[in-house]
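Letter by letter, the chains look like this.
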Amino acid sequence: MTGDPLRVGICHCSDCRKASGSIFSAFAVWPRGAFEKMTGFTSTYAGRSFCSTCGGRVPSIRDDEVEVMIGALDEVPSDLTPEYELWTVRRESWLSPLPSATQFEKDAEAPGNEAEVEPPEPAS
């Protein structure tokens, strides 16, 4: 990937939980033109791309965007900070909202899904 991502987020939906094996997935989305090249054999199922040989998660390539799981990046830690959280209705009750992230009860695209309660102000 080259350049800055279009957006960075985390998702608590059941699909992301199952795909990551964790309680949420962290991802960054770049414009399709920022994606250099991927070699090997890949397959896609339900919008998620993976290596056909080992089953490892690879970037999900769409016509105009590429979604990369932050944990798959070579440079760790990255400076990518989530700007929003999706499917907060499924967030674990003991997990606090990200203070600087916009909260969406479900998908961001659906009208009326932005959470009514703003995340708390960071402690000073």
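A short tour of the structure in this document, coming up. Since we're looking at a predicted model, the values are computed, not measured. The numbers attached to residues start from 1 for each chain and follow its sequence in the written order. Only residues with pLDDT of at least 70 get local features here, since the model is predicted, and only at 80 or more are side-chain atom pairs given and counted; chain-wide, interface and lining totals rely on the full set of residues. Values shown for side chains rest on all heavy atoms present in the structure; no hydrogens or waters enter the calculation.

1. Re the overall build of the protein
- If you tally the helices and strands in the protein, you get 1 helix and 8 strands.
- In the protein, the order of α-helices and β-strands from amino to carboxyl end is β-α-β-β-β-β-β-β-β.
- Residue exposure (1.4 Å probe, protein chains only): buried if accessible area is under 20% of the type maximum, exposed if over 50%, otherwise partly exposed. The buried share of the protein, reckoned over its 124 residues, is 31%.
- The contacts in the protein between residues at least 6 apart in sequence include a share of 46% that link residues at least 24 apart. Only DSSP runs of H or I with at least four residues qualify as helices, and only runs of E with at least two residues qualify as strands; both kinds are numbered from the N terminus onward. Contacts between residues were defined by any pair of non-hydrogen atoms, one from each residue, lying within 4.5 Å.

2. Details of the pairing of strand β1 (residues 7-11)
- Of all 5 residues that make up β1, 4 are buried, and the element is covered over most of its length.
- At least two bridges found by DSSP between two strands are what make those strands a pair. As defined by bridge partners, β1 adjoins strand β2 (residues 25-31) across 5 bridges and the pair is classed as antiparallel. Counted as the bridge partner of G9 is F27 from β2.
- With 3 bridges joining them, β1 and strand β7 (residues 84-86) adopt parallel strand pairing. Bridging across to β7, G9 finds its partner in Y84.

3. Focus: the sheet that holds strand β6 (residues 65-69)
- Reading across from one edge, β5-β6-β2-β1-β7-β8 is the order of the 6 strands in this open sheet, with mixed pairing throughout. The open sheet has two edge strands, β5 (60-61) and β8 (102-103), and neither has a second partner.

4. Thoughts on the pattern of salt bridges
- Salt bridges are counted wherever a side-chain nitrogen of Lys or Arg sits within 4 Å of a carboxyl oxygen of Asp or Glu. Taken as a whole, this structure holds 5 salt bridges when the rule is applied.
- For E65, the salt bridge is made with R62, and the minimal N-O distance between the two is 3.9 Å.
- For E65, a relative accessible area of 14% translates into the label buried.
- Taking relative accessible area as the criterion, R62 reaches 33% and is therefore assigned partly exposed.

5. So, the nonpolar core
- Nonpolar core, defined: a set of buried Ala, Val, Leu, Ile, Met, Phe, Trp, Tyr and Cys residues in which side-chain atoms within 4.5 Å join the residues together. Counting residues in each nonpolar core, the largest one holds 10 residues, listed as C11, C13, C16, F27, V29, M69, Y84, L86, W87 and F104.
- Elements represented by at least two residues in this core include exactly β2 and β7.
- The contact partners of Y84, leaving out residues within four places of it in the chain, are R7, V8, G9, I10, F27, A101, T102 and F104.
- One finds V8, A28, A34 and F35 within the second-largest nonpolar core, a separate group that totals 9 residues.

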